[in-house]
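Residues per chain, in single letters:
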Amino acid sequence: MTYKKLRVIISGGGTGGHIFPAISIAGKLREANPETEILFVGAEGKMEMEKVPAAGYKIVGLPMAGLQRQLNWGNLKNNVRIPFKVASSLRKAGHVIDEFKPDVAIGVGGYASAPLLWQATRKHIPSLIQEQNGFAGLTNKILGRRVQSICVAYDGMEKFFPAEKIVFSGNPIRPEIHPYGAEDRAEGLRFYGLDPDKRHLFVVGGSLGAGTLNRAMRAWIEAGCPGGEDVEVLWQCGRYYKKGIDEFMAGRELPQIHYTDFIGRMDLAYACSDVLISRAGASSVSEICAARKAAVFVPSPNVAEDHQTHNAMALVRKDAALIVRDADAAEQLLPTALSLIHDPARIAAIEANVAPLARLDAAQTIVEEVYKLV
């Protein structure tokens, strides 16, 4: 296929789970034709406004915000303002489209994708959405009736979208995430200063951190790290929690616990890990499949339609991962992960079962679908 120069708007964000797939798609579009012009549209104040420019792309912010489900005075004030923010975002999205004149619009989920894709379809611009989760959110279900193509990562999505529009692509992941060998493992151990004679547990709560995982780690440390005598832990606690973890760890002599607010080299963290503890966001699940790693998932209960449980269970049903409920994590999470880390045969079985679930060509599949639309 000859890939002509395009003008592309990619919209969405809010978390790394939306941003990194979007950047992966943009990278593949640039590989297809280096002259392709790409504009990102995100939500003001969200992490895409920092991460996208750092990846070398222009971004415009919309004054969009999400509905807060937990009832308190702050959230109530936020929710009252939402209709006005939606109206303002729709106007700005329309202006952005009129000025940039895209050939195609891509939505990857997150606050900003709704007004941008709504306006793009209203203006008859070929449009595609990428649904990353096993349970479609309300916004994408609405947009699914308006766009021409819907790229999905899980089977059975015809219960949410018109079957004739569905393309099974998988979730785009960062290109540095792939199956790792002994040399990659050795490099990861050197990079993070870990002992090659120990087993290695990687605890990752997503780009912002996860309070439940951090509390489980704190409880385990307070109990004296039972079962972890031959285990080193690489722990991404998240920037929101870093100060509290610093205070908790002050004065504790625990050289086997390596914690940080953010892991920059996720590829090397995956490479040197024997077992992972992770939330079950769509991108995290897809990257773990691509890295072919054994994981214990703790789905977040604070997401729409409990979609992280759906994501995790797609693997658990195939004996390709373990799961611990968020409510049980304080007592069960570390014992479950440590039982697994000391069972090499079980790890090997999970790794063998997770390997066929990886889709390393997801971004390329989406790019080919984009060119079919235009």
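Notes on the structure follow. (Residues numbered from 1 in each chain as written. Predicted model: local features only at pLDDT ≥ 70, side-chain atom pairs only at ≥ 80, totals over all residues. Heavy atoms only, no water.)

Moving on, we come to the overall build of the protein chain. In terms of helices and strands, the protein chain carries 14 helices and 13 strands. Oriented by its inertia axes, the alpha-carbon framework of the protein chain measures out at about 60 × 50 × 35 Å. Counting across all 374 residues of the protein chain, residues that qualify as buried make up 52%. Summed over its atoms, the accessible surface of the protein chain is roughly 16500 Å², and 51% of this surface lies on carbon and sulfur atoms. Here the protein chain contributes 43 positively and 41 negatively charged side chains, and the mean placements of these two sets differ by 9 Å. (Helix = DSSP H or I, 4+ residues; strand = E, 2+ residues; numbered from the N terminus. Buried < 20%, exposed > 50% of the residue type's maximum accessible area, 1.4 Å probe, protein only. Areas by Shrake-Rupley, 256 points an atom, 1.4 Å probe, with all protein chains shown as cover. Lys, Arg positive; Asp, Glu negative; His and termini not counted. Charge placed at Lys NZ, Arg CZ, Asp CG, Glu CD.)

Sheet architecture is open: six strands sit in the order S10-S9-S8-S11-S12-S13, paired in parallel fashion. Every other strand in the sheet has two partners, leaving strand S10 (257-260) and strand S13 (322-323) as the edge strands with one partner each. Where strand S11 (residues 275-278) meets strand S12 (residues 294-297), four bridges bridge the pair, whose relative direction is parallel. Pairing of Ile277 across the sheet is with Val296, part of S12. Its contacts with the sheet place helix H13 (residues 344-354) against strand S8 (199-204), S11, S12 and S13, and it is angled at close to 90° to S12. (Pairing = 2+ DSSP bridges. Contact = heavy atoms within 4.5 Å. Axes fitted to C-alpha atoms, helices over the stretch in contact; angles between N-to-C directions.)

A few words now on the packing of helix H7 (residues 211-222) against helix H8 (residues 242-249). At a minimum axis distance of 12 Å, the contact between H7 and H8 shows a crossing angle of 0°. One element, H7, and the other, H8, form an angle in the roughly parallel class. Residues Asn214, Arg218, Ile221 and Glu222 of H7 form the contact with H8, whose participating residues are Gly244, Ile245, Phe248 and Met249. Its residues placed into classes, the contact of H7 with H8 shows four nonpolar, two polar and two charged. (Parallel < 35°, antiparallel > 145°, perpendicular 65-115°, else oblique. Nonpolar A, V, L, I, M, F, W, Y, C, P; charged D, E, K, R; others polar.)

Every second residue of S11 is oriented toward a common face, with Val275 and Ile277 on one face and Leu276 and Ser278 on the other, all of them buried. Pairing of S8 with S11 involves four bridges; the strand directions are parallel. Across the sheet, the residue bridging to Phe202 is Leu276, located in S11. Remark: the S11/helix H10 (residues 282-291)/S12 crossover connection has right-handed handedness. (Right-handed = clockwise from strand over helix to strand, strands pointing away.)

Counted according to the given criterion, the structure contains 15 salt bridges. In this structure, Arg185 engages Asp274 in a salt bridge whose closest nitrogen and oxygen atoms are separated by 3.5 Å. Taken as a pair, Arg185 in helix H6 (residues 182-192) and Asp274 in the loop between helix H9 (266-271) and S11 lie far apart in primary sequence, 89 residues in all. On the basis of relative accessible area, Arg185 is assigned to the partly exposed category, the value being 23%. In this structure, Arg325 and Asp328 form a salt bridge, with 3.1 Å as the shortest nitrogen-oxygen distance. Note on Asp328: relative accessible area 23%, which makes it partly exposed. Each of Lys5, Arg7 and Glu37 takes part in salt bridges that share partners, so that together they form one network. (Salt bridge = Lys/Arg side-chain N within 4 Å of Asp/Glu carboxyl O.)

Fair warning: the whole summary comes from geometry, so function is off the table for now.
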